[in-house]
Amino acid sequence: MFFNILATFAEFEVDLLRARTKEGMAVAKAKGRLRGKQPKLSAKQQRELVRMYRTGEYTIADLAEVFTVSRTTIYRTLQRE
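Note on numbering: residues in each chain are counted from 1, in written sequence order. Selection of residues for local features in this predicted model requires a pLDDT of at least 70, selection of side-chain atom pairs for listing and counting requires 80 or more, and totals for whole chains, interfaces and linings are taken over all residues. Computation of side-chain values: all heavy atoms of the structure, hydrogens and water removed.

Student: Go over the environment of Leu78, please, and point to the residues and values.
Tutor: Elements are defined by DSSP. Helices are runs of H or I of four residues or more, strands are runs of E of two residues or more, and each kind is numbered from the N terminus. Counting through the fold element by element, Leu78 comes out in helix 4 (residues 71-80). Residues Leu78 and Ala61, spaced 17 residues apart in sequence, show a C-alpha to C-alpha distance of 13 Å. Apart from the residues lying within four places of it in its own chain, the contact partners of Leu78 are Leu49, Val50, Tyr53 and Ile60. Contacts: residue pairs with any heavy atoms within 4.5 Å of one another.

Laid out in structure tokens, this is it:
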């Protein structure tokens, strides 16, 4: 019975934390400060990456090394185009 009570309090605390986080994000969004994770490559770099890839001279690994990002970032950039 004691553990059930502890679990109930823990669940209540998690709910409070979620509510506070959601509230804070809403306030930040209203102020225009909710930006999220910034992209690794600028729009200009993304265009250049796609152009280089389409020439056929560069592999994914080459592009990852040139732009100093992971291969996953390269794949995701190419999928958006």
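Student: Outline helix 2 (residues 43-55), listing residues and values.
Tutor: How far a helix is expected to stretch is found by multiplying one less than its residue total by 1.5 Å. In this model, helix 2 (13 residues) spans 19 Å end to end at C-alpha, consistent with the 18 Å of a helix rising 1.5 Å per residue. Along its buried surface, helix 2 packs onto helix 3 (60-67) and helix 4. A positive phi of about 85° marks Gly56, the residue just after helix 2.

Student: Quick rundown of the layout of surface pockets? Include the residues and the values.
Tutor: Of the pockets and cavities examined, the largest pocket occupies roughly 220 Å³. Grid points spaced at 1 Å over the protein atoms alone were grouped into cavities, where a 1.4 Å probe fits but cannot get out, and pockets, open sets with protein on both sides within 12 Å along at least five of seven lines, with lining residues defined by an atom within 4 Å of a point. As for the largest pocket, its lining consists of Lys37, Gln38, Pro39, Lys40, Leu41, Gln46, Thr72, Thr73, Arg76, Thr77 and Arg80. Examining the composition of the lining of the largest pocket, we find that five residues originate from one element, helix 4, more than from any other. Classifying every residue of the lining of the largest pocket by side-chain character gives two nonpolar, five polar and four charged. Grid points are joined across faces, edges and corners, and a volume is the space filled by probe spheres set on the points. Charged residues are taken to be Asp, Glu, Lys and Arg, nonpolar residues to be Ala, Val, Leu, Ile, Met, Phe, Trp, Tyr, Cys and Pro, and polar residues to be all remaining types, Gly included.

Student: An account of the packing of helix 2 against helix 3 is needed here, citing residue identities and associated values.
Tutor: Angles run from 0 to 180 degrees between N-to-C directions of axes, and those axes are lines fitted to C-alpha atoms, restricted for helices to the stretch in contact. Relative to each other, helix 2 and helix 3 sit at 150°, their axes nearing to 11 Å. Here helix 2 lies roughly antiparallel to helix 3, going by the angle between them. Handedness of the helix 2/helix 3 crossing: right-handed. Of the residues in helix 3, those in contact with Gln45, Glu48, Leu49, Met52 and Tyr53 of helix 2 are Ile60, Leu63, Val66 and Phe67. Residues of the contact of helix 2 with helix 3, tallied by class, amount to seven nonpolar, one polar and one charged. Relative orientations are named as follows: roughly parallel for angles under 35 degrees, roughly antiparallel for angles over 145 degrees, roughly perpendicular for angles from 65 to 115 degrees, and oblique for any other angle. If you view the pair so one helix is near and one far, a crossing is left-handed when the near helix is turned anticlockwise from the far one by less than a right angle, and right-handed when it is turned clockwise.

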